[in-house]
Amino acid sequence: MSLTITVIGLGQMGGNMALTLKAAGFAVTGSDLFEQARSRLAAQGLPVVAPEELPASDVYLLSLPTSAHVREVIEQSPGLLSLAPKGSVIVDTSTSDPQVSRELAENVIAAGLQWLDAPVSGGPKGAASGKLGMLLGGDERTIERVLPMLEAMSAKRTRVGGPGSGHVVKLANNYLCAAHLLTTAEAVAMAAKAGVEPAACLAGLNSGSGRSAVSEVNFPEWILNERFDSGFTTGLMRKDLRLARDAAEQLGIPLPLLQAVVDAWHGNADHPADSDDFNHIATPILARATQAEGNQ
Ligand code: NAD
């Protein structure tokens, strides 16, 4: 039996995921708090409803900005806890606070529903092409139940543990991505100051042990060509870093480099602004290579 799916949150990620699942043959309905997001997706052929009109579905796939929004949708308005049919599965693809996810998962399971955290990598492009990377936190039976949907959305799925574990590893991943943007920009700036073209420097790094997804993807696709159109905002990355820092604090594990990265990303609220593409964090670092001596 094919799954019926309601996608809640039709932004950069959720809108593309909904269209991908519809194209794969699932019966998909989309919903978003904002009329503008609903009409944008309706214009692309997706059946959409207002939050108070959510249909009964096998799966509720959430793609929301923060855990506060996820909690609201599950516990308050429209309140999946009371509204979703027993046995249906709530899949949270947002980058969420793992502690909140674990608490919500308990409540969801106690209400006779199933829980899976499935945060994603690959951006809007990965969502639109069904080539996301997914980290899965939940039990094997729940994953088995929604596997056809996960397969339609992702090129790679990694189960990392029970509820909340996917969100733990997603924060660890985004901490590294945020750090690599700073360190790679510094490395490229140093090489540029020493007379090496950024593209040549990147080619060298990518043939060596200093490479990362940032040097292999972000620099060529969004930074060196100044396109800055990845679809992931600085505000969302700042949110993820604060979540990682808070998780480390709650766990009582000192991580001074994580704190330094959080500080670097929060150093200037205007450059980049929360609404700017997250790759812009590299811009002022790269500019140091062309600044005059004594002006650095
Ligand atoms: P977005 O801001 O583009 O979309 C979020 C959508 O949720 C918006 O359309 C908003 O109107 C809607 N929304 C907010 N509150 C709602 C509610 N109570 N009910 C229904 N809809 C509501 O964000 P995005 O870039 O699509 O990211 C979504 C999540 O995925 C975030 O947690 C983000 O950290 C994560 N993520 C994003 C990317 C990316 O490249 N954009 C990559 C990986 C993970």
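Residues numbered from 1 in each chain as written. Predicted model: local features only at pLDDT ≥ 70, side-chain atom pairs only at ≥ 80, totals over all residues. Heavy atoms only, no water.

Trainee: Would you mind going over the domain arrangement of the protein with me for this structure?
Mentor: As a measure of interface size, the accessible area lost when the parts come together is often cited. Once the domains are mapped, the protein shows domain 1 (4–162) and domain 2 (168–294). Look at where the C-alpha atoms of domain 1 and domain 2 centre, and you get two points 28 Å apart. Domain 1 puts 16 residues into the contact, and the matching count from domain 2 is 13 residues. Buried area between domain 1 and domain 2, summed over both chains or domains, comes out near 1,100 Å², and the portion from carbon and sulfur atoms is 62%. It is T95, P98 and L135 in domain 1 that bury the most area against domain 2; as a group they hold 38% of the surface buried on that side. A salt bridge links K125 to E221; the shortest N-O distance between them is 3.5 Å. In this structure, the connection of domain 1 to domain 2 is made through 5 residue pairs in polar contact (both at pLDDT 80 or more). For the side of domain 1 that touches domain 2, the per-class residue count stands at 7 nonpolar, 6 polar and 3 charged. (Domains from an automatic or database assignment. Contact = heavy atoms within 4.5 Å. Buried area = accessible area lost by both parts, 1.4 Å probe. Salt bridge = Lys/Arg side-chain N within 4 Å of Asp/Glu carboxyl O. Polar contact = N/O pair within 3.5 Å; in protein donor to acceptor, adjacent residues only side chain to side chain. Nonpolar A, V, L, I, M, F, W, Y, C, P; charged D, E, K, R; others polar.)

Trainee: Which parts of the structure should I look at to understand the site of the ligand?
Mentor: Near the ligand lie 24 residues; those nearest to it are M13, D32, F34, L64 and G231. In this structure, an oxygen atom belonging to the ligand sits 3.1 Å away from a main-chain N or O atom of P65. Expressed as a share of its isolated accessible area of 830 Å², the protein-covered part of the ligand is 88%. Among the elements of the structure, α1 (12–23), α3 (67–76), α6 (123–129) and α11 (234–251) are those that each provide at least two residues to the shell around the ligand. (Near = heavy atom within 4 Å. Areas by Shrake-Rupley, 256 points an atom, 1.4 Å probe, with all protein chains shown as cover. Helix = DSSP H or I, 4+ residues; strand = E, 2+ residues; numbered from the N terminus.)

Trainee: Teacher, can you tell me more about helix α5 (residues 98–110) here?
Mentor: The periodicity of an α-helix, 3.6 residues per turn, causes residues three or four positions apart to be oriented the same way. The end-to-end C-alpha distance of α5 is 18 Å, a good match for the 18 Å that 13 residues give at a rise of 1.5 Å each. Taken as a whole, α5 has its buried residues at P98, V100, S101, L104, A105 and V108. All buried residues of α5 fall inside an arc of 145° around its axis, so they share one side. Of the exposed residues in α5, those oriented more than 90 degrees away from the buried face are E106 and A110. On the buried face of α5, the contacting elements are α3, α4 (80–83), β5 (89–92), β6 (114–117) and α8 (165–193). One side-chain oxygen of the residue at the start of α5 lies 2.9 Å from the amide nitrogen of Q99, identifying that residue as D97. (Expected span 1.5 Å × (residues − 1). Buried < 20%, exposed > 50% of the residue type's maximum accessible area, 1.4 Å probe, protein only. Arc of directions from axis to C-beta.)

Trainee: What am I meant to see in the UniProt feature "domain: 6-phosphogluconate dehydrogenase NADP-binding" (unreviewed entry) in the protein here?
Mentor: UniProt annotation of "domain: 6-phosphogluconate dehydrogenase NADP-binding" (unreviewed entry) refers to residues 4–161 when read in the numbering used here. Secondary structure over residues 4–161 splits into 43% helix and 25% strand, and the C-alpha atoms at its two ends are 26 Å apart. (UniProt positions renumbered as here; feature names shortened; annotations may be inferred.)

Trainee: Can you help me understand α8 in this one?
Mentor: If you check α8, its first and last C-alpha atoms are 42 Å apart, about what 29 residues at 1.5 Å a residue would give, namely 42 Å. Two residues or fewer past α8, G195 is found with a positive phi of approximately 95°.

Trainee: What's the story with the pattern of salt bridges in this structure? I'm lost.
Mentor: Oppositely charged side chains can pair when the atoms bearing their charge come close. With the rule as written, the count across this model stands at 11 salt bridges. Between K239 and D240 there is a salt bridge whose closest N-O contact spans 3.2 Å. D240 shares its class with K239; the two are buried. Several salt bridges share partner residues, and in doing so they unite R71, E75 and E103 into one network.

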